[in-house]
Amino acid sequence: MLVRTARGEVRMESDIAEKLSGEARKSALARLKGWREVAGRDAITRKFVFKDFNEAFGFMARAALVAEKLDHHPEWSNVYKTVDVTLSTHDAGGLELDVKHAEAMDKLAG
């Protein structure tokens, strides 16, 4: 069945992210190291610090490929060797895709 997302996009119902709540949310967040909830938002954030700008930018390039594959794009900034990332599943108003994306970013960062 086709449904309209919060952004007005039409997608298959099976492709729409679902909001994590209660124990599922606590469990998912407990698996993520270095990530924390953003006060006042259904979002998570983490600061990645690398050896230098080259490593930080390389991480962002690899993470961008994951973002495209997941169709889930981060809010992020880079200053020299630091990358600040915030993830929010806007379509669901919650953390379902955020956890998948955070786990992938953690693997990329090593």
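Residues numbered from 1 in each chain as written. Predicted model: local features only at pLDDT ≥ 70, side-chain atom pairs only at ≥ 80, totals over all residues. Heavy atoms only, no water.

> Honestly, the overall build of the protein in this entry has me stumped. Any pointers?
Check the secondary structure of the protein and you find three helices and six strands. Listed by position from the N terminus, the elements making up the protein come as β-β-α-β-β-α-β-β-α. Looking at the protein residue by residue over its 110 residues, the buried ones come to 36%. Considering only intrachain contacts with a sequence separation of at least 6, the fraction spanning at least 24 residues in the protein is 59%. By element, 53% of the accessible surface of the protein is carried by carbon and sulfur atoms, the whole surface being about 6800 Å². (Helix = DSSP H or I, 4+ residues; strand = E, 2+ residues; numbered from the N terminus. Buried < 20%, exposed > 50% of the residue type's maximum accessible area, 1.4 Å probe, protein only. Contact = heavy atoms within 4.5 Å. Areas by Shrake-Rupley, 256 points an atom, 1.4 Å probe, with all protein chains shown as cover.)

> I'm lost on the pattern of salt bridges in this one. Help?
In a structure, side chains of opposite charge can pair up when their charged atoms sit close to one another. Taken as a whole and judged by the stated rule, the model has five salt bridges. For Arg-41, the salt bridge is made with Glu-75, and the minimal N-O distance between the two is 2.7 Å. Taken as a pair, Arg-41 in the loop between strand E3 (36-37) and strand E4 (44-49) and Glu-75 in strand E5 (residues 75-79) lie far apart in primary sequence, 34 residues in all. A relative accessible area of 34% places Glu-75 in the partly exposed class. (Salt bridge = Lys/Arg side-chain N within 4 Å of Asp/Glu carboxyl O.)

> Honestly, the packing of aromatic side chains in this entry has me stumped. Any pointers?
Aromatic rings considered in pairs are described by the distance between their centres and by the relative angle of their planes. This structure, assessed with the given rule, holds five aromatic pairs. Seen from their ring centres, Phe-50 and Phe-59 are 5.0 Å apart, and the 35° between their planes marks the pair as tilted. In this structure, Phe-50 and Phe-59 share a single accessibility class: buried. Among the aromatic residues, those joined into a ring-pair cluster are Trp-35, Phe-48, Phe-50 and Phe-59. (Phe/Tyr/Trp six-rings, centres within 6.5 Å; stacked < 30°, edge-to-face > 60°.)

> Would you take a moment to explain unusual backbone geometry for this structure?
Glycine aside, negative phi is the norm for most residues, and most peptide bonds take the trans geometry. Unusually for a residue other than glycine, Asp-71 sits at a positive phi of about 55°. Topologically, Asp-71 is positioned in the loop between helix H2 (53-70) and E5. Of note in this structure, Tyr-80 is not a glycine but carries a positive phi near 50°. With respect to the secondary-structure elements, Tyr-80 resides in the loop between E5 and strand E6 (82-87).

> Help me understand H2 in this model?
Structurally, the α-helix is built with 3.6 residues per turn, so residues lying three or four positions apart point the same way. For H2, built from 18 residues, the straight-helix expectation of 26 Å at 1.5 Å per residue is met to within 8% by its first-to-last C-alpha distance of 25 Å. Looking at H2, one finds that the buried residues are Ala-56, Gly-58, Phe-59, Met-60, Ala-63 and Ala-67. Among the residues of H2, the N-terminal cap falls to Asp-52, whose side-chain oxygen and the backbone nitrogen of Asn-54 are separated by 3.2 Å. Following H2 by one or two positions, Asp-71 has its phi on the positive side, about 55°. (Expected span 1.5 Å × (residues − 1). Polar contact = N/O pair within 3.5 Å; in protein donor to acceptor, adjacent residues only side chain to side chain.)

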